[in-house]
Amino acid sequence: MEPSVVVVGAGLSGVACARELAAAGVAVRLVDRGRRVGGRMASRRLDGRPVDLGASYFTVTDDGFGAVVTDWQRRGLATPWTDTFTVLEAGAAPETKTGPVRWGAPGGLRSLVEDLADGLEVELGSHVEALPDAPTVVLAMPDPQAVRLLPDDPSFAAVRRRLDRDYEPVLALSARWPGRTWDLDGAFVNGDDTIAWVADDGRRRGDDAPVLVAHSTPAFAQPHLDDPQAAADPMTAALRDLLGLDEPVETYLHRWSIARPTGEREDPYLLEEAGDRLVAACGDGWGPTSKVETAWVSGSALGRELVRRLG
Ligand SMILES: Cc1cc2nc3c(=O)[nH]c(=O)nc-3n(C[C@H](O)[C@H](O)[C@H](O)COP(=O)(O)OP(=O)(O)OC[C@H]3O[C@@H](n4cnc5c(N)ncnc54)[C@H](O)[C@@H]3O)c2cc1C
């Protein structure tokens, strides 16, 4: 069956959208440039274990997403991590802050997207450079990536105008020590030029490995985007300073040029007729707060709407 819908982007939103379509019997092709699905829910194997280098955790408020998470939990794929984080600020005593339960995945967050993609036809390693030739195309990715695929044609001007959300960059540093000499699950870092957030990867993933993942501030990341490896030493020094740590035995740095959207946009997805086709977009940039749950909600809602229109 020729696919009537092509979804470009096999992060959580694209996979959620494709699942809705496939479940309703709509022929769908899912394409991603990566070697694996998952997008920014990215885990990389370092020293024999997956480390989460993109999203740190997820939270649950939506009932539909809650049902998916309950199923992951039942099968041991997702586990509640913590509801309490530390707040660090220079010159102030550390505080703790309690909030919603944050969830992690023993196999890394990517394993959850892989689970949802099970049974879908996914074409990996395929960098799409122009809008695919299909009656309906879904761009399940951040606006700056989606807008590059649009034809330079007046009939796409309305779509182009709506894909206007900027994203800011983040550098993620993974660092491993011989043993744990700190006591925190995660820490928001206020007022630091270099580091904005630190997570204990061993605790969130449940194997207790002495591995921390630090995320930079966008301002620190920006001038390092062309040569991110040059940021590894200053980030490691800032992390050691912050928590009073010895030199780590291993570090790894990952660059996210497009990490998180700025500003706000409440629309759950984009769906426009352009030229002779239907062009749609979904992802964490569509909805109230940019996060894992928003990506799922956006992709699923778009998938259901497409089923209604195409069915
Ligand atoms: C450093 C960092 C920390 C974060 N922390 C958290 C957190 O703690 N909690 C939370 O809830 N969320 C967090 N997030 C956000 C979360 O990761 C995202 O909301 C979610 O993963 C977005 O999913 P998505 O499907 O919208 O986009 P993505 O995951 O970005 O998926 C887009 C996909 O499109 C593919 N693609 C792009 N262009 C092309 C092309 N031309 N051809 C083919 N494929 C293409 C990409 O390879 C990618 O797989 C964080 C993100 C980052 C980067």
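Rules used in this analysis
- Residues numbered from 1 in each chain as written.
- Predicted model: local features only at pLDDT ≥ 70, side-chain atom pairs only at ≥ 80, totals over all residues.
- Axes fitted to C-alpha atoms, helices over the stretch in contact; angles between N-to-C directions.
- Helix = DSSP H or I, 4+ residues; strand = E, 2+ residues; numbered from the N terminus.
- Parallel < 35°, antiparallel > 145°, perpendicular 65-115°, else oblique.
- Left-handed = near helix turned anticlockwise from the far one by under 90°.
- Contact = placed C-beta atoms within 7 Å.
- Pairing = 2+ DSSP bridges.
- Near = placed C-beta within 6 Å.
- Nonpolar A, V, L, I, M, F, W, Y, C, P; charged D, E, K, R; others polar.
- Domains from an automatic or database assignment.

Some points on the packing of helix α1 (residues 12–23) against helix α9 (residues 292–310)
In the contact formed by α1 and α9, the axes pass within 7 Å of each other and the chain directions differ by 30 degrees. The pairing of α1 with α9 is recorded here as roughly parallel in orientation. Read as a crossing pair, α1 and α9 show a hand that is right-handed. Only V292, A295, W296, S298, G299, S300, L302, G303, R304, L306 and V307 of α9 make contact with α1, whose side of the interface consists of L12, S13, G14, A16, C17, R19, E20 and L21.

Focus: the sheet that holds strand β6 (residues 95–104)
Within the open sheet, the seven strands sit side by side as β6-β5-β10-β11-β12-β9-β13. Their pairing is mixed. Taken across any chain shown, the strands that pair with only one partner, and hence form the sheet edges, are β6 and β13 (250–261). Neighbour to neighbour, the strand axes of the sheet diverge by 20 degrees on average, direction disregarded. Pairing between strand β5 (residues 79–89) and strand β10 (residues 186–190): four bridges, direction parallel. If you follow E89 over to β10, its bridge partner there is N190. The sheet strands contacting helix α8 (residues 232–243) are β5, β9 (167–176), β10, β11 (195–200), β12 (211–216) and β13, and the helix crosses β9 at an angle near 70 degrees.

What about the sheet that holds strand β1 (residues 5–8)?
Strand order in the open sheet formed by six strands is β7-β2-β1-β8-β15-β14, with mixed pairing between adjacent strands. The open sheet is flanked by β7 (122–123) and β14 (270–274), the only strands paired with a single partner. As defined by bridge partners, strand β8 (residues 136–140) adjoins strand β15 (residues 277–282) across five bridges and the pair is classed as parallel. For V137, the partnering residue across the bridge sits in β15 and is V279. Sheet strands in contact with α1 are β1, β2 (28–31), β8 and β15, and its direction is about 165 degrees off that of β2.

Quick notes on the site of the ligand
Within the structure, the ligand sits among 37 residues, and G9, G11, G39, G283 and D284 are positioned closest to it. Looking at the shell around the ligand residue by residue, the classes come out as 18 nonpolar, 13 polar and six charged. Both domains that furnish three or more residues to the shell around the ligand are identified here as domain 1 (1–43 + 109–165 + 265–311) and domain 2 (78–106 + 167–262).

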